[in-house]
Amino acid sequence: MNQNIINARVTFRNSPIHILEKFTIRDVESAYPQFKEHSGLDECVIIQTCNRIELFGKTKNYDQQKIKKTWASLAGLDEEIFDENLEIEKNEKAFHHLLKLTSGLDSMVVGEEQILGQIKNSITSARNTKASGQHLNTLFDKAIRIGTRIRNSSGISQGGISVGSMAVKLAEENIDELKFKKILLIGTGEVSTLVAKSLQRRGYDFAVTSRTLERSQAFCETMGGKAVRFEDVLSGFGNYDVLFVATTAPYFLVTFDRITDAVKKRNNGMMILDLSNPRTVDEKVATIGGIKLMNLDQIAEMVEKNMKARLNKVKTVENIINEEVSVLQASMKRLDAEPLVKDVFKNIDSLRQKELKKALSMLDETDEKKIKIIEELTKAVVESIVSTPMNNIRKASEQGKPDLLEIASKLFDYKNEQE
Ligand SMILES: NC(=O)c1ccc[n+]([C@@H]2O[C@H](COP(=O)([O-])OP(=O)(O)OC[C@H]3O[C@@H](n4cnc5c(N)ncnc54)[C@H](OP(=O)(O)O)[C@@H]3O)[C@@H](O)[C@H]2O)c1
């Protein structure tokens, strides 16, 4: 391949949650121009979820140091911290990883559905801001389609294990008689939906809050639960025995002081499950007597225990991915030939149009029907002469034969402007 596809990532596999969150790129939209200007990547896509911060890029000249440096400056980090946490792969291995992502194989909850939506959102926003181009758009479109097909054919996503259900299970394992406890869910987003579904399925009553009461009410209409005012909750955590916190707030909502106050008003302990990343519960609350705090790291452990059925399918999915990587790779190699093919078609077509115009004026032809027939004839002649060599160039590119591409460039006098 003429171009390199790079994947640089920090994920829950190598880094615990408190380290992972440091790599977060706060403003993705303004990060794109920075990456494009300073990291040597001329296309990029950022994927950020609670379990991973990943960068996919396209470049002819790959420079790992420049990527690290740009990321470090965007996240306000020293470059050294990348040594222990960052994984970088390129081309075939990067394609393989992207297919693991879209098929759900690399997720903490193997086969979970959320990652697919998150990847779709990432490529859409990269496309809208023109951060991605032909290479990454093609790669992501294909990887999303392949991932969806793998999920459907393998059944890896079946069975309803989610971050939400695992969190509820964790609460059940740690609290006696959860049924009689007062449960509060903070947040009305995707994760809260998963928690609410699980609570509902298991027959627990719960309260729900988010910044606006209307939003909580709308959420409760479909997901169950009782909407409560955000302000009342912030000053009254003591009314609840179990808190599930799943928000994208950029600061601690559940603070040390608020929980210290809450505990004073209670006789019993409290369990707090922070499903957010970055965290929205101050870790210091775990030092308060009677408070049990759990976060995504503990959920990861719980997930491992509950994955047996899905894990049996992992081997099948891995085999499909191994086959699909070569398909993806061929499509990407084919792209190397596209600028040349496009250029040849464009030049030949403008020659065709020029000659057609000349011939029509010599004939002094005005009959629209005849003009149409002559025009179609010129198109058909050009198409039948050019399409075979062009398809052969594409095939050669797909099969990794750059020599033919070079010869064809010389024959057609093509110069790649990007190079
Ligand atoms: N999606 C996943 O697969 C997944 C899995 C595990 C963990 N997580 C983590 O879980 C958290 C929530 O993710 P999500 O996918 O549910 O996000 P989401 O769908 O975007 O929902 C975000 C929620 O956060 C609330 N929120 C945002 N800013 C807030 C603030 N300043 N104060 C109070 N509430 C605020 C929003 O409430 P409003 O309605 O008031 O805006 C909304 O309810 C994130 O930290 C994420 O990293 C996500």
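Treat the numbers as computed from the prediction; the structure is a model and nothing was measured. (Residues numbered from 1 in each chain as written. Predicted model: local features only at pLDDT ≥ 70, side-chain atom pairs only at ≥ 80, totals over all residues. Heavy atoms only, no water.)

A closer look at the domain arrangement of the protein
Segmenting the protein into domains produces domain 1 (4-159), domain 2 (163-305) and domain 3 (333-411). Taking the mean C-alpha position of each, domain 1 and domain 3 sit 38 Å from one another. (Domains from an automatic or database assignment.)

Some remarks on the packing of aromatic side chains
If you walk through the whole model with that rule in mind, you get 4 aromatic pairs. Centroid distance phenylalanine 23 to phenylalanine 82: 5.0 Å. Interplanar angle 85°. Geometry classified as edge-to-face. In this pair, phenylalanine 23 is assigned in the loop between helix 1 (17-20) and helix 2 (28-38) and phenylalanine 82 in helix 4 (residues 81-85), connecting sequence segments 59 residues apart. Of the two residues examined, phenylalanine 23 and phenylalanine 82, each falls in the buried class. Overall, the relative accessible area of 1% leaves phenylalanine 82 in the buried class. By way of ring pairs, the aromatic residues Phe23, Trp71 and Phe82 are connected into one cluster. Sitting over the face of the ring of tyrosine 204, lysine 179 holds its NZ or CZ atom 5.4 Å from the ring centroid. (Phe/Tyr/Trp six-rings, centres within 6.5 Å; stacked < 30°, edge-to-face > 60°. Helix = DSSP H or I, 4+ residues; strand = E, 2+ residues; numbered from the N terminus. Buried < 20%, exposed > 50% of the residue type's maximum accessible area, 1.4 Å probe, protein only. Lys NZ or Arg CZ within 6 Å of the ring centre and 35° of its normal.)

So, the pattern of salt bridges
Within this structure, the stated rule accounts for 22 salt bridges. Salt-bridge contacts for aspartate 241 lead to arginine 266; the nearest nitrogen and oxygen are separated by 2.7 Å. Of this pair, aspartate 241 sits in the loop between helix 11 (230-234) and strand 8 (242-245) while arginine 266 sits in the loop between helix 12 (256-264) and strand 9 (270-274), and the two are 25 residues apart along the sequence. The class of arginine 266 is buried, set by a relative accessible area of 13%. In this structure, the salt-bridge partner of lysine 315 is glutamate 318, at a minimum N-O distance of 3.5 Å. Residue lysine 315 and its partner glutamate 318 are located together in helix 14 (residues 308-363), separated by 3 residues, close to a single helical turn. Assessed through its relative accessible area of 52%, lysine 315 is described here as exposed. Judged by its relative accessible area of 27%, glutamate 318 falls in the partly exposed class. Residues participating in the shared-partner salt-bridge network are Arg13, Arg52, Glu54 and Asp106. (Salt bridge = Lys/Arg side-chain N within 4 Å of Asp/Glu carboxyl O.)

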